[in-house]
Structure formats: structure tokens, C-alpha cells
Amino acid sequence: MKVTVVGAGAVGASCAEYIAMKNFCSEVVLVDIKEGFAEGKAMDLMQTASLNGFDTKITGTTGDYSKTAGSHVAVITSGIPRKPGMTREELIGINAGIVKDVTENLVKNSPDVIIIVVSNPMDTMAYLVHKTSGLPKNKIIGMGGALDSARFKYRLAEALEAPISDVDGMVIAAHSDTGMLPLLSKATRNGVPVTEFLSTEKQNYVIEETKVGGATLTKLLGTSAWYAPGAAVSVMVQAIACDQKKMIPCSLMLDGEYGESDICLGVPAIIGANGVEKIVDITLTEEEKAKFAEAAKAVREVNGDLKF
Ligand code: NAI
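Keep in mind the model is a prediction, meaning the values are calculated, not measured. (Residues numbered from 1 in each chain as written. Predicted model: local features only at pLDDT ≥ 70, side-chain atom pairs only at ≥ 80, totals over all residues. Heavy atoms only, no water.)

### Considering the overall build of the chain
The cut-off we apply is this: Working definition: helices are DSSP H or I runs of at least four residues, strands are E runs of at least two. Numbering for both runs from the N terminus. When we talk radius of gyration, it's over C-alpha atoms, and the globule rule is simply 2.2 Å times the number of residues to the 0.38. Exposed residues in this analysis have more than 50% of their type's maximum accessible area, buried residues have under 20%, and partly exposed residues fall in between, with area computed by a 1.4 Å probe over protein chains only. Between two residues, a contact is recorded if the distance between any of their heavy atoms is within 4.5 Å. With residues, only the protein chains shown are counted as cover, and all accessible areas are computed by Shrake-Rupley using a 1.4 Å probe. His is not counted here, nor are the chain ends, while Lys and Arg score as positive and Asp and Glu score as negative. Lysine's charge is taken at NZ, arginine's at CZ, aspartate's at CG and glutamate's at CD.
Of the regular secondary structure elements, the chain holds 10 helices and 14 strands. Taken over C-alpha atoms, the radius of gyration comes to 18 Å for the chain, in line with the 19 Å a tight globule of 308 residues would show. C-alpha extents for the chain along the principal axes are approximately 55 × 45 × 35 Å. Residue burial in the chain is summarised as follows: out of 308 residues, 53% are buried. Pairs at least 24 residues apart make up 70% of the contacts formed inside the chain by residues separated by at least 6 positions. Summed over its atoms, the accessible surface of the chain is roughly 13200 Å², and 53% of this surface lies on carbon and sulfur atoms. Looking at charge distribution, the chain has the averaged site of its 30 positive side-chain charges lying 2 Å from that of its 37 negative ones.

### Comments concerning the environment of Lys289
Along the chain, the position of Lys289 falls in helix H10 (residues 286-303). With a relative accessible area of 41%, Lys289 lands in the partly exposed category.

### With respect to the packing of aromatic side chains
The cut-off we apply is this: Here a pair means two rings of Phe, Tyr or Trp (six-membered ring of Trp) with centres within 6.5 Å. Their orientation is stacked below 30 degrees between planes, edge-to-face above 60, and tilted elsewhere. Definition used: whenever NZ (Lys) or CZ (Arg) falls within 6 Å of the ring centre and also within 35 degrees of the ring normal, the charge is taken to sit over that ring.
All chains considered together, the criterion is met by two aromatic pairs. Seen from their ring centres, Trp226 and Tyr227 are 5.7 Å apart, and the 50 degrees between their planes marks the pair as tilted. Residue classification places Tyr227 among the exposed residues on the basis of a relative accessible area of 55%. The cationic tip of Lys34 hangs over the ring face of Phe37; the distance from NZ or CZ to the ring centre is 3.9 Å. Here the basic side chain of Arg189 rests over the ring of Phe197, its NZ or CZ set 5.5 Å away from the ring centre.

### Comments concerning the pattern of salt bridges
The following threshold applies: By definition, a salt bridge exists where a carboxyl oxygen of Asp or Glu is found within 4 Å of a side-chain nitrogen of Lys or Arg.
In this structure the tally under the stated criterion is 14 salt bridges. Residue Glu158 is joined to Arg155 by a salt bridge in which the shortest nitrogen-to-oxygen separation is 2.9 Å. Residue Glu158 and its partner Arg155 are both found in helix H6 (residues 145-160); the two are separated by three residues, about one turn of the helix. A salt bridge links Lys291 to Glu287; the nearest nitrogen and oxygen atoms lie 3.2 Å apart. With Lys291 and Glu287 both in helix H10 and four residues apart, this pair spans about one turn of that helix. Its relative accessible area of 40% is what places Lys291 among the partly exposed residues. Residues joined in a network through salt bridges with shared partners are Arg82, Arg88 and Asp177.

### What to know about the environment of Asp281
Position of Asp281 relative to the elements: it lies in the loop between strand E14 (275-279) and H10. Relative accessible area serves as the criterion here: at 67%, Asp281 is assigned to the exposed category. Placed 12 residues apart in sequence, Asp281 and Ala269 show a C-alpha to C-alpha distance of 8.6 Å.

### Notes on the UniProt feature "domain: Lactate/malate dehydrogenase C-terminal" (unreviewed entry) in the chain
Note the threshold: UniProt positions are given in the numbering used here, feature names are shortened, and annotations may be inferred rather than shown by experiment.
Sites flagged by UniProt as "domain: Lactate/malate dehydrogenase C-terminal" (unreviewed entry) map to residues 147-299. Annotation note: span residues 147-299, helix share 42%, strand share 25%, distance between end C-alpha atoms 18 Å.

See the structure below:
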């Protein structure tokens, strides 16, 4: 299994590192536009191989896409991250051009590739890849829900004072501060609804802190996070590489599911060797349905700024 990661910056390098450390891929190719940067990151990572015990071969290239030929999966992390106080939506001007260009290069060299879109505003960038790549819709997967759900579980465990492995929960809808929908009604601690343990005040705390999870880190770090985003991507790549048929919330092109069409939004899906094997239909409360529709409206407005 060959994986290409475009953008050897914070998220791209972290993602390559987690993929290599889990040892399920034969090759990872890092691509960046900055001269020598991807080559340098690849060499540094390869020098951890004997220390960390992996055999994955990591190489880097400055924009030579012929080196990515025959990739099964490509991850797009190229583009600018947000700075403190910025929204993800403010990145669209620069990132749309980069994502479109990168997509064309990837598909030209790997016509059967499955693309995982990470660059922000992610739901809109995933939509852009659908509109410009010519790939079937099962092969384009936006990464947002995997990360946001991990952040949700972190906050649930904190509020419950429980080990993270005891809690389960999922975030769907948009990958934005306002459009994220942590499904508290379905979150559990050892199979028991968390609403049985948490006061309304604590429930609200968990939801709000999950939604601003990225912004909180951006304020602390001066740029956006990379460990959890990289780990989230690696889980998605592994689900494809090992045909795990794992349920992961991802931003997918909807065609009537959850009442929406012609939009990419976060929904639970089974991810396996074919990319998206199936979108899972879970029952939402009336309030959750209204929030999902609101998130769709906001993402559609951002999509309106795209020029193909
Ligand atoms: P970064 O600035 O550390 O890395 C981005 C890299 O992309 C840079 O090395 C840059 O040289 C490269 N690049 C720019 N244009 C390129 C092109 N045309 N071809 C190849 N490489 C190019 O940024 P970071 O922190 O890695 O974030 C990357 C993107 O991922 C941002 O848009 C950020 O907002 C997004 N992100 C998305 C998350 C999600 O959950 N979907 C989570 C975290 C970040």
C-alpha cells in the first residue's frame, strides 16, 4: 500500500509519522512546495525507523508528482493553517487554489486514488475535490469527524472523571466552530448514556469545549494543532489499507442522506478498502436534525465562494 501525503508541514508530517509507526503501509511519499522540505522531513522520519521499529519507507519530493504514481490513498494537508482569532472559513481564498491544483496532480498520476481531504475549510475543500477531480464519490473523504469525536471523548472523559477508553461519542455535521454537532444524546460511558451522569451545566461544558477544541489549541499554540489531526488521518488510512470496515464520521458528499444533497458534511460511515463503503443512517433527535440543517446552510454559503 502506497500513501501520498501532500503538505509536509505540521499535520502532514504528523500523519506520516503515525502511519509509519503503525507499520501497515509499505511506502509514504511526502510532497511539499517548499524546496527540500518534504525530503528533509522524510529523511528525519526515516532516521526514527530503527528507533521506533517500523519498516515503512518514507520519501519526500518538492512537487514531483511522478513520485506519487500508483498511490492507493492520498492525503491533502497542503495550504495555510489558521492563526489565533481566525475561523477556518477565512482560509478559503488561498487554500481553494492549492487544493484544486494538488488534486489535479494527484489524479493525473494515480487515477484510482482515494483522497482524504484535511485542508480547511475542510467541508468546502472536500466539496471542491468532488467537483474537480472526476473521482467517484466513495473515493473522496473529508477528515473532521474523526478528530472532533476524539476531542469530544477527551472532554467527556474529563467531565466524567473517567478513563477515555470507557467513553464513546461522535461528532457530525460541519467541521467548524459553529456547525459541529457533538451527539450528546448518543454518547456513552461503558454503554450507559452519559446524560445519566452529567449535570446540564457539565453537558453544556462538554459540547462548547468540543466545538471550540481547535480554536482553544490555536490560541495556545499560535497555529493549529497537529498531533490529534495526524492521528485521526492515520486511523482513516488504516481503515482503508486494512479494509477494517470501521465506522468513522467523515465529511462525505450527500445525496439525500440526512435530508441534504450536493454538499459535503460529517456523517457516520463505514470506511474500508473501497473508501466509503456505506453511509450509516442514525436516528437524530428533532433538535439535532435542526442543528444539522443549520450547519448545512452555513457550509453551503461558504461553498458559494468557490470558483471552479
Ligand atoms: P503547515 O503550514 O504546517 O503545513 C502546510 C504545508 O503545505 C506547508 O509545508 C506548505 O509549504 C505546504 N504547501 C502549501 N502549498 C502547497 C502546494 N501547492 N503543494 C504542496 N505543498 C504545499 O500547516 P498545517 O498546520 O499542517 O495545516 C495544514 C492544513 O490542514 C491547514 O489548512 C489547516 O487548517 C488544516 N487542518 C485541518 C484539520 C482538520 O481537522 N481537517 C486539522 C488541522 C489542520
